[in-house]
Amino acid sequence: MWLLLLVLLAFAILYRWNRQRKMLKNLADKYVLITGCDSGFGNHLAKSLDKQGMQVLAACLTNTGAEALKKEASSRLQTVILDVTDSQSVKSAVLWVTGIVGDTGLWGLVNNAGTTIPSAPNEWLTKEDFWKVLNVNLLGTIDVTLALLPLIRKSRGRIINMSSVMGRLAFIGGGYSISRHGVEAFSDSLRRELQPFGVRVSVIEPTTYRTPATDLKATLESIHAIWNKCPKHIQTSYGQQYFLDYCKIIRHKLSKCNPHVSQVTDCMEHALTAVYPWTRYSAGWKTKLFYLPLSYFPTVVSDYLLRHSFSRPKFSDSIN
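The residue numbers shown here count from 1 along each chain, following its written sequence. Per-residue local features are limited, in this predicted model, to residues with pLDDT of at least 70; the limit for side-chain atom pairs, both in listing and counting, is 80 or more; totals at the level of whole chains, interfaces and linings are taken over all residues. In computing side-chain properties, one takes all heavy atoms of the structure into account and sets aside hydrogens as well as water.

Named according to an unreviewed UniProt entry, the protein is 17-beta-hydroxysteroid dehydrogenase type 6 originating from Xenopus tropicalis. UniProt positions are given in the numbering used here, feature names are shortened, and annotations may be inferred rather than shown by experiment. Here the protein is described in UniProt, under the heading Sequence similarities (unreviewed entry), as follows: "Belongs to the short-chain dehydrogenases/reductases (SDR) family."

This is the structure we're talking about:
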C-alpha cells in the first residue's frame, strides 16, 4: 500500500514538473509592459526579457531611471514615464502602449512598482502614512490593470502581480502588508473573472530581497522620523528602549536580505513564458520552507514565532 502511494506521488511530481517546463514559442512578437523599472526586480526583468528577444515596454518613474535602463538594453526596449498613483499618467501610458501594440494586443503586464516606506508599529502611524503605501502597491496596481485589460484580453495574455509573503502573514505594521493582502484578493477575483477570456493571472510572493525597497538607511531614517512625530503619550507607553530594539531588529532583518533577485524575476519570467504558469510563485527557499508553512499553523504558533524577537513595550510591563 505504501509503495503504491509513493509511486503515485512520484508520478504526480514528475507529471507536474514536466508540465511546468513547457515553454511558449515565438516570444519575439509578444509585448510585455513592466512597471517600476527604474531599479530592483523590474529593472532586472526588463533587461532579462530584452536579452531573450521579447518586446519590452519598461515603465519608469523617472527620466533618469529610463535613460539608465536604455543604455543597458537593446534598441528594442522602449521606455515610458509612469506614476502609477496618477490616473492621468496611467491614461497617457495606456495610449502610448496602444499605439505600439496595435491589433496585436498586450501579452504581458507585470505590476511590479511598489514601496515599503513608511512601515512601523501601526499606532505610530497616521492615515496618510498608510495611504502612501496603499496608493502605490494596491490602488496603482488596480488602476494600471483595469486600464490595460482590453489590450490583454485581445492577446489572451498574462497578468503578473507583485505581492509578498506578507500578503499571507502580516508581521510588520503599516500599509505594506495590507496592500499585499489586497493584491492577493484582487488577483484571485481577477483570475476567476478573466479565465473565460483565456487570460492567466499569477501572483509573486517573495520574502525580502536586496533592492532599493529594502534599503537599510532609508528605512531607518523613516522609522526615526515617524517615532519623532509620535505623540508624547505613545512614546511614553512604548518607551525609548522599545524603539531602539525595534530599530535593531529591522537593521538585522534587512542586513539578511537575499541578494539573488533573479530568484524572483525567474518566477516572473516563467509566469510570462510558460505554457502552464503557476497561480502563485513562492520565491526563495525561506518562503517555501518557513513562511508558507507557517501561514497554515495555528495562530498561537505563528504569533509566537513572529513576535518573540520583539521586546515588550514599557507600559505593558507596568500593567502585568
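That was the structure; now back to the text.
Attention shifts here to empty space enclosed by the protein. Throughout, the protein atoms alone are placed on a 1 Å grid, and a set of points is a cavity if a 1.4 Å probe fits but cannot get out or a pocket if it is open with protein on both sides within 12 Å along at least five of seven lines; lining residues have an atom within 4 Å of a point. Grid points are joined across faces, edges and corners, and a volume is the space filled by probe spheres set on the points. In this structure the tally under the stated criterion is two cavities of 30 Å³ or more. Taken as a whole, the largest cavity encloses approximately 50 Å³ of empty space. Surrounding the largest cavity, Leu-33, Leu-82, Val-90, Ala-93, Val-94, Val-97, Val-144 and Leu-148 form its lining. Of all the elements in the fold, those that place two or more residues in the lining of the largest cavity are helix 4 (87-101) and helix 5 (127-155). Broken down by element, the residue count for the lining of the largest cavity peaks at four residues, all from helix 4. Lys, Arg, Asp and Glu make up the charged group, whereas Ala, Val, Leu, Ile, Met, Phe, Trp, Tyr, Cys and Pro make up the nonpolar group; the residues left over, Gly among them, are polar. Of the residues assigned to the lining of the largest cavity, the class counts are eight nonpolar, no polar and no charged. Approximately 30 Å³ is the volume found for the second largest cavity. Lining the second largest cavity we find Thr-35, Val-84, Asn-111, Asn-112, Ala-113, Val-136, Gly-140, Thr-141 and Val-144. Runs of H or I in DSSP of at least four residues are treated as helices and runs of E of at least two as strands, each being numbered from the N terminus. Residue contributions to the lining of the second largest cavity peak at four residues, all from helix 5. Looking at the lining of the second largest cavity residue by residue, the class counts come to four nonpolar, five polar and no charged.

Here the focus is the pairing of strand 4 (residues 108-111). Across the two faces of strand 4 the burial is the same, with Gly-108 and Val-110 and Leu-109 and Asn-111 all buried. Pairs of strands are assigned from DSSP output, requiring at least two bridges between the strands. With four bridges joining them, strand 4 and strand 5 (residues 158-162) adopt parallel strand pairing. If you follow Asn-111 over to strand 5, its bridge partner there is Asn-161. The parallel pair strand 4 and strand 5, bridged by helix 5, forms a crossover whose chirality is right-handed. Using a 1.4 Å probe on the protein chains alone, a residue whose accessible area is under 20% of its type maximum counts as buried, one over 50% counts as exposed, and one in between counts as partly exposed. Here a crossover is taken to be right-handed if, once the strands point away from the viewer, the path from the first strand over the helix to the second is traced clockwise.

Bringing the nonpolar core into the picture now. Only buried residues count toward a nonpolar core. Its members are Ala, Val, Leu, Ile, Met, Phe, Trp, Tyr and Cys residues joined through side-chain atoms within 4.5 Å. Counting residues in each nonpolar core, the largest one holds 29 residues, and the members touching the most others are Ile-34 and Met-268. Listed by contribution, the elements that provide at least two residues to this core are strand 1 (31-34), helix 2 (40-51), strand 2 (55-60), helix 3 (63-71), strand 5 and helix 10 (262-273). No other element matches the five residues that helix 10 contributes to this core. Setting aside chain neighbours within four positions, we find Ile-34 in contact with Gly-42, Leu-45, Ala-46, Leu-49, Val-56, Leu-57, Ala-58, Ala-59, Val-110 and Asn-112. Only heavy atoms matter for contacts: two residues are in contact if any of them lie within 4.5 Å across the pair.

Take the packing of helix 2 against helix 10 next. Axes here mean lines fitted to C-alpha atoms, for a helix over just the part in contact, with angles spanning 0 to 180 degrees between N-to-C directions. One can describe the packing of helix 2 onto helix 10 by two numbers: an axis separation of 9 Å at closest approach and a directional angle of 55°. The angle between the axes of helix 2 and helix 10 places the two elements in the oblique class. Our pair here, helix 2 against helix 10, has a crossing hand that is right-handed. Packed against helix 2, whose contacting residues are Phe-41, His-44, Leu-45, Ser-48 and Leu-49, the element helix 10 presents Ser-262, Val-264, Thr-265, Met-268, Glu-269 and Leu-272 at the interface. Each residue belonging to the contact of helix 2 with helix 10 can be placed in one class, and the counts come to six nonpolar, four polar and one charged. Note on angle classes: values under 35 degrees are labelled roughly parallel, values over 145 roughly antiparallel, values of 65 to 115 roughly perpendicular, and the remainder oblique. For any helix crossing, the convention is left-handed if the near helix is rotated counterclockwise from the far helix by under a right angle, and right-handed if that rotation is clockwise.

Taking strand neighbours across the sheet as the criterion, the seven strands line up as 3-2-1-4-5-6-7 in an open arrangement whose pairing is parallel. The open sheet terminates on both sides in strands that have one partner only, identified here as strand 3 (78-81) and strand 7 (280-281). This element, helix 4, spans strand 1, strand 2 and strand 3 of the sheet and lies at about 160° to strand 3.

Here the focus is the packing of aromatic side chains. Pairing of aromatic side chains requires ring centres within 6.5 Å, counting the rings of Phe and Tyr and the six-membered ring of Trp. Pairs whose planes differ by under 30 degrees are stacked, by over 60 edge-to-face, and all others tilted. Counting across every chain of the model gives ten aromatic pairs. Relative to Tyr-238, the ring of Trp-124 has its centre 5.7 Å away and its plane inclined at 85°; by these criteria the two rings are edge-to-face. Of this pair, Trp-124 sits in the loop between strand 4 and helix 5 while Tyr-238 is found in helix 8 (residues 232-238), placing the two residues 114 residues apart along the sequence. Residue Trp-124 shares its accessibility class with Tyr-238, and that shared class is buried. Ring centres of Trp-227 and Phe-243 lie 5.0 Å apart, and the angle between their planes is 10°; this geometry places the pair in the stacked category. Taken as a pair, Trp-227 in helix 7 (residues 216-229) and Phe-243 in helix 9 (residues 240-255) lie far apart in primary sequence, 16 residues in all. For the residue pair Trp-227 and Phe-243, the accessibility class agrees, reading buried in each case. Following the ring pairs from residue to residue traces out a cluster consisting of Trp-124, Trp-227, Tyr-238, Tyr-242, Phe-243 and Tyr-246. Remark: a charge is flagged as sitting over a ring if the NZ atom of Lys or the CZ atom of Arg is within 6 Å of the ring centre and within 35 degrees of the ring normal. The ring centre of Trp-107 lies 4.2 Å from the NZ or CZ of Lys-30, which sits over that ring. The positively charged end of Arg-153 is found above the aromatic ring belonging to Phe-197, 5.4 Å away from the centroid.

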